[in-house]
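# Structural overview for review
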Amino acid sequence: MKLRFRPLLALVPLMMGLNGAQAVTPNPKVLIETSMGNMVVQLNPQRAPETVKNFLRYTDEGFFDGTVFHRVIPGFMIQGGGFTSTMAKKETHEPIKNEAAGGFNNDKYTIAMARTSDPHSATSQFFINVADNDFLNQKKSPDGWGYCAFGRVIEGQSVADMISLVPTGFHPRTRMQDVPREPVVIKHVRRLP
């Protein structure tokens, strides 16, 4: 009897391994609805797993709803995900580690995490590159870390381009430059099925 069951038991780990290998992690898509139009972003958890997990956590919590693109530089990028339309800074979760070494290059229409001079300081703020920004990549970054790009805008690239061209200026209360004179609101961010 033992001989009869041994081959079957030997197949169990193999079958589990096959099932695990077939279970491919999907690349989730999120819809970013803005006051200037919509963008669909496809994320890549294989390249930047913690970064994608972090972004989806904020998405699922509704954190981005009602925030703005608060820093806009034509020919460079549009940055959002941290300030309300009155330019009040939102409280965030703990920072995440920088995964720029495994992520995408900061090519046109990729989405990446914003951070301070501390390479592991990214929380909720993200930016969308509206140009190829090689100097933000880990290999070319002056600090040796770079900025982690973790997905790509696959629909609505023209919306990103339009946002990048809005008039901006100095915001006296926050003392920030490149702030849109009229708020570009992120109305809602949600996962797509």
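The preceding data block contains the structure.
Below you will find a few notes about this structure. Quantities reported herein were computed from a predicted structural model and do not represent experimental measurements. (Residues numbered from 1 in each chain as written. Predicted model: local features only at pLDDT ≥ 70, side-chain atom pairs only at ≥ 80, totals over all residues. Heavy atoms only, no water.)

### A word on the overall build of the protein chain
A tally of regular secondary structure across the protein chain gives three helices and ten strands. Reading the secondary structure of the protein chain in the N-to-C direction produces α-β-β-α-β-β-β-β-β-α-β-β-β. Relative to its 193 residues, the protein chain shows a buried fraction of 44%. Contacts in the protein chain between residues at least 24 apart in sequence constitute 67% of all its contacts with a sequence separation of at least 6. Here the protein chain has roughly 10500 Å² of accessible surface; of this, 57% comes from carbon and sulfur atoms. (Helix = DSSP H or I, 4+ residues; strand = E, 2+ residues; numbered from the N terminus. Buried < 20%, exposed > 50% of the residue type's maximum accessible area, 1.4 Å probe, protein only. Contact = heavy atoms within 4.5 Å. Areas by Shrake-Rupley, 256 points an atom, 1.4 Å probe, with all protein chains shown as cover.)

### Considering helix H3 (residues 157-164)
Three- or four-residue spacings in an α-helix give side chains the same orientation, since the helix completes a turn every 3.6 residues. Of all the positions in H3, only Val159, Ala160, Ile163 and Ser164 are classed as buried. The buried residues of H3 all sit within an arc of 140° when viewed along its axis, so they share a single face. Where H3 is buried, its residues touch strand S1 (29-34), strand S2 (37-43), strand S3 (67-73), strand S4 (77-84) and strand S6 (126-129). (Arc of directions from axis to C-beta.)

### Topic: the nonpolar core
Among the nonpolar cores identified, the biggest contains 34 residues, and Met39, Leu43 and Phe69 are the most heavily contacted of them. Per-element tally for this core: the top contributor is helix H2 (residues 49-60), with four residues. Met77, Ala112, Phe127 and Ala149 belong to the second largest nonpolar core, which has nine residues in total. (Core = buried A, V, L, I, M, F, W, Y, C linked by side-chain atoms within 4.5 Å.)

### Topic: the side chain of threonine 34
In this fold, threonine 34 is placed in strand S1. Of the residues examined, threonine 34 reaches a relative accessible area of 4% and is grouped as buried. A polar atom in the side chain of threonine 34 sits 3.0 Å from the backbone nitrogen of methionine 36. Within the structure, threonine 34 has its side chain in polar contact with the backbone oxygen of glycine 37 (distance 2.6 Å). Setting aside residues up to four positions removed in sequence, threonine 34 forms contacts with Met39, Phe69, Val159, Ile163, Val185, Ile186 and Lys187. (Polar contact = N/O pair within 3.5 Å; in protein donor to acceptor, adjacent residues only side chain to side chain.)

### Some points on the pattern of salt bridges
Two side chains with opposite charge may pair up if their charged atoms get near one another. One pass over the structure, following the stated rule, counts five salt bridges. A salt bridge links glutamate 94 to arginine 57; the nearest nitrogen and oxygen atoms lie 3.1 Å apart. With glutamate 94 in the loop between S4 and strand S5 (110-113) and arginine 57 in helix H2, this residue pair connects regions lying 37 residues apart in the sequence. By relative accessible area, arginine 57 is classed as partly exposed at 34%. With a shortest N-O distance of 2.6 Å, arginine 115 and aspartate 143 are connected by a salt bridge. Here aspartate 143 lies in the loop between S6 and strand S7 (149-155) and arginine 115 lies in the loop between S5 and S6, a separation of 28 residues in the sequence. Linked through salt bridges whose partners overlap, the residues forming this network are Arg57, Glu61 and Glu94. (Salt bridge = Lys/Arg side-chain N within 4 Å of Asp/Glu carboxyl O.)

### Describing the sheet that holds S1
Strand order in the closed barrel formed by eight strands is S1-S2-S7-S5-S6-S4-S3-S10, with antiparallel pairing between adjacent strands. With direction set aside, neighbouring strand axes in the sheet form an average angle of 35°. The pairing of S3 with S4 spans five bridges and is classified as antiparallel. Looking across to S4, one finds that phenylalanine 69 is bridged to glycine 80. Sheet contacts for H2: S1, S2, S5, S6, S7 and strand S10 (185-192); angle to S10, the most-contacted strand, approximately 115°. (Pairing = 2+ DSSP bridges. Axes fitted to C-alpha atoms, helices over the stretch in contact; angles between N-to-C directions.)

### Remarks on H2
The end-to-end C-alpha separation of H2 is 16 Å, in line with the 16 Å expected for twelve residues at 1.5 Å each. Taken as a whole, H2 has its buried residues at Thr51, Val52, Asn54, Phe55, Leu56, Tyr58 and Thr59. Elements in contact with the buried residues of H2: S1, S2, S5, S6, S7 and S10. At the C-terminal side of H2, glycine 62 shows a positive phi close to 75°. (Expected span 1.5 Å × (residues − 1).)

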